[in-house]
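Commentary on secondary and tertiary structure
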Amino acid sequence: MIEVRSSGKVRQKSAVHGLWWQIIRHWQLLFMTFPALIYLFLFQYKPMYGIIIAFKDYSFKKGIWGSPWCGFENFNQLFNSYWFPIILKNTLSISLLTLVISFPMPIILALMVNEMSNQRLKKIFQTVSYAPHFISTIVVCGMVILFLSPTSGIINRLIELFGLEPISFMQQPGMFKWIYVISGIWQGTGWGAIIYFAALSGVDQSLLEAADMDGASRMQKIIHINLPVLVPTILVLFILQCGSILGLGYEKVYALQNPTNLSGSEVISTYVYKIGLVDKNFGFSTAAGLFNSVINCTVLAAANAISKRVAHTSLW
Amino acid sequence: MKQKLKHLQGKDLIFVCINSFLLILIFCVTVYPLIFVISASVSDPAAVSTGEMVLLPVSPSLEAYQFVLSYQAIWTGYLNTIFYTFLGTLINLAATIPCAYALSRKDCPLKGLIMTLFMITMYFSGGLIPGYLNIVSMGLLNTRLVMLISGAVSAYNLIVARTFFANTIPWELHEAAFLDGCSDFRLLTRIVLPLSSPIIVVLILYYGVGHWNSYFNAMIYLQDRAKYPLQVFLREILTLGQFADTALATGDYSPEDMASLLRQVEKADMIKYAVIVVSTLPMMVIYPWLQKYFAKGVMIGSVKG
């Protein structure tokens, strides 16, 4: 109390005192964060120390610290390897395709469903559109493979109906990115639209009524009233999506891969897995993973900075 | 209805028609694969592979299900998945909720620092190999424990929960409790938790679905088949069998060989369809009941990401 009244030095001191005093007073709050913090250090930050093996000639016997340094040798090897241009191209093309085609789908769906006047039908439609999200990656991949089978799949029966030859979709490297993206749209669009539904519930009803008075058409109302409400949400999600441009997850790609489509389906993360955990070339694989993360963080930061300047929306 | 249509003039009428048509189309595209899988799992496999079965089952039989239900691996996987999902989600909640609550309090010491530490992990991680070596160094390789705690707190879920606590528990409630000499622990367990069932359901759903569907961690960290979750067995059955197809598409076979191979593939496909139904049914039955909660969860998350 006395410290608060006095000025200058003493007040500075009280800020430090304040922190300790706060910690002592609220030690229970701090204690509540411990389980999560212990997890954070053991499973998230401790592995980060292992990144140094990207610069080492790692051997299991010598361990992370004992293995000799090798500078950028692993990176040299990576950039000069036969697979590097292929995995870079595949990762980029699948990610960009997702960004351009899959990303706008939930926005369009939310705007369309928002125009439904029957509330019960709307509810039923939404419930059904979430269903694919609750099917596991493995099962979705299994369904894709079954449907696209040249001998027994329903898609090829449809193609034959038009008098064309059946196509071995899963055996053609060029088809892979389309299979990946289209199955992703089927699985993710309904779920992805939830966040936009939420944002659309914030549309000012009086604006819509005023637009009605002025004789605006439905399309005009969507473009000039509903869509602008979604813009901040769209931007934030877009930045996040940009940040994962090389962070294409391995789960789905790996499940859809087979030796015959590998030249179109091997991406950085699956390559990291195979070189590292299958071939046990740890240093090399870590270098590839680190390259991937650094690019991701750079793109994310760049997208965030651009959005901050242009649209005043940013993640941090 | 008629009156409503009268209100719609020219352009709007066209808009409503196109919009309804597209929505019906989207509805069909979403539902058709699901119905197809169910029908194919009980139909005559030959009818499925010739395209004779389009929507409804043809000469239905439960043969495939008999096979699936007598297949031991499915049951092992199911039990393991239930175990991992149940206990894993419990651990997730125990770690996430207290931390999220503490960080939602404006008087929590060091909360900015702790928050930043969590945010960083959303964008940057050690990567696959350092993570793997870390698990090995802790002696967790090939233990059930690794499936339970290797993803104990998700930064995203933590933020969603924190936002919920910050926005729904009024500060006056805290002040009143402090005046009565209530400690922070009691406050959490006696006052805050009873008011927080929506966020608890959301967290159970998010974490639970994650546990139920994950296969990659199990594939990397587990070696004993007895510890495998369902998804790893599903992977063996559903996606690793692609080669019979490749062989059929490219191979050189005599007509008799071809016919018998085709029958085998057809039969295998029927079993695959049945496996999909058996493994996905629980989720399909449960999620519509929780719908209002997860819609809410996304909304909380979107208030401030």
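Residues numbered from 1 in each chain as written. Chains lettered and ligands numbered in written order. Predicted model: local features only at pLDDT ≥ 70, side-chain atom pairs only at ≥ 80, totals over all residues.

**Points about the overall build of chain A**
Definition in use: Only runs of H or I of at least four residues qualify as helices and only runs of E of at least two qualify as strands under DSSP, and these elements are numbered from the N terminus. Restricting the calculation to C-alpha atoms gives the radius of gyration, and the globule rule supplies 2.2 Å times the number of residues raised to the power 0.38. Three exposure classes are used, all based on how many other C-beta atoms lie within 10 Å of a residue's own C-beta (placed from the backbone): buried at 20 or more, exposed at 12 or fewer, and partly exposed between those limits. Contact between two residues is assigned whenever their backbone-derived C-beta positions fall within 7 Å.
The secondary structure content of chain A amounts to 17 helices and zero strands. In terms of overall dimensions, chain A is more spread out than a globule: its C-alpha atoms have a radius of gyration of 26 Å, far above the 20 Å expected for 316 residues. Dimensions of chain A, computed from C-alpha atoms along their principal axes, come out at roughly 90 × 75 × 35 Å. Looking at the 316 residues of chain A, the share that counts as buried comes to 35%. At a minimum sequence separation of 6, the contacts of chain A that also span at least 24 residues come to 66%.

**Topic: the overall build of chain B**
Along the backbone of chain B there are 16 helices and zero strands. Taking the principal axes of its C-alpha atoms as reference, chain B extends roughly 85 × 70 × 35 Å. Expressed as a percentage of the 305 residues in chain B, the buried residues total 36%.

**So, the domain arrangement of chain B**
All names here are of chain B. Cut-off, in case you're wondering: Per the annotation, domain bounds derive from an automatic or database assignment of domains. Amino acids outside the nonpolar list (Ala, Val, Leu, Ile, Met, Phe, Trp, Tyr, Cys, Pro) and the charged list (Asp, Glu, Lys, Arg) are all regarded as polar, and Gly is one of them.
Taken domain by domain, chain B comprises domain 1 (1-61) and domain 2 (62-305). Domain 1 and domain 2 are separated by 31 Å when their C-alpha centres are compared. With 10 residues of domain 1 in contact, the opposing surface of domain 2 contributes 11 residues. Among the secondary structure elements, those contributing two or more residues to the side of domain 1 that touches domain 2 are α2 (10-42) and α3 (45-49). In terms of residues, the side of domain 1 that touches domain 2 owes the most to one element, α2, which gives five residues. Of the residues that constitute the side of domain 1 that touches domain 2, the class distribution is seven nonpolar, three polar and no charged.

**Points about the domain arrangement of chain A**
As assigned here, chain A comprises domain 1 (2-53) and domain 2 (73-137 + 175-311). Domain 1 of chain A and domain 2 of chain A are separated by 36 Å when their C-alpha centres are compared.

**Points about the environment of Ala177(B)**
Inspection of the secondary structure puts Ala177(B) in helix α10 (residues 171-179). When sequence neighbours within four positions are dropped, the list of residues in contact with Ala177(B) reads Cys182(B), Leu187(B) and Ile191(B).

**Brief notes about the interface of chain B and chain A**
Contacts between chain B and chain A engage 85 residues on the former and 80 residues on the latter. Looking at side-chain class alone, the side of chain B that touches chain A contains 52 nonpolar, 23 polar and 10 charged residues.

**A short note on helix α13 (residues 218-243) of chain A**
Residues and elements named next belong to chain A. Our working rule: To estimate how far a helix should extend, the number of its residues minus one is multiplied by 1.5 Å. One axis is fitted to the seven residues ending at the residue and one to the seven starting there. The bend at that residue is the angle between these axes.
Over its 26 residues, α13 runs 35 Å from end to end, which matches the ideal 38 Å to within 8%, given 1.5 Å per residue. Of all the bends in α13, the largest measures some 45° and sits at Leu227, one to four residues before the proline Pro228. Within α13, the full set of buried residues consists of Asn226, Thr233, Leu235, Ile239, Cys242 and Gly243.

**A look at the environment of Leu230(B)**
Residues and elements named next belong to chain B. Positionally, Leu230 belongs in helix α14 (residues 230-238). Note: C-alpha distance between Leu230 and Ala218 (12 residues apart in sequence) is 9.9 Å. Ignoring sequence-local partners within four residues, the contact set of Leu230 consists of Gly77, Tyr78, Thr81 and Ser279.

**Focus on the confidence of the model for chain B**
One rule of thumb: low pLDDT means the predicted coordinates there are not for detailed reading. Defined as follows: The predictor attaches a confidence to each residue, called pLDDT, with possible values from 0 through 100.
In this model, chain B carries a mean pLDDT of 86, and residues with pLDDT of at least 70 account for 90%. Interface scoring of the predicted complex returns ipTM 0.87; its pTM is 0.88.

**With respect to the nonpolar core**
We apply this condition: Linking buried Ala, Val, Leu, Ile, Met, Phe, Trp, Tyr and Cys residues through C-beta atoms within 7 Å yields a set, and such a set is a nonpolar core.
Of all hydrophobic cores here, the largest spans 114 residues; its most connected members are Val144(A), Ala288(A) and Ala161(B). A total of 10 residues in this core trace back to one element, the largest contributor, which is helix α9 (residues 137-148) of chain A. Discounting residues that sit within four places of it in the chain, Val144(A) has contacts with Ile179(A), Ser183(A) and Leu256(A). Within the second largest apolar cluster, 11 residues are counted, among which are Ala110(A), Ile194(A), Ile195(A) and Ala199(A).

**Quick notes on α9(A)**
The end-to-end C-alpha distance of α9(A) is 16 Å, a good match for the 16 Å that 12 residues give at a rise of 1.5 Å each. Taken across its 12 residues, α9(A) has 12 buried, putting it largely inside the fold.

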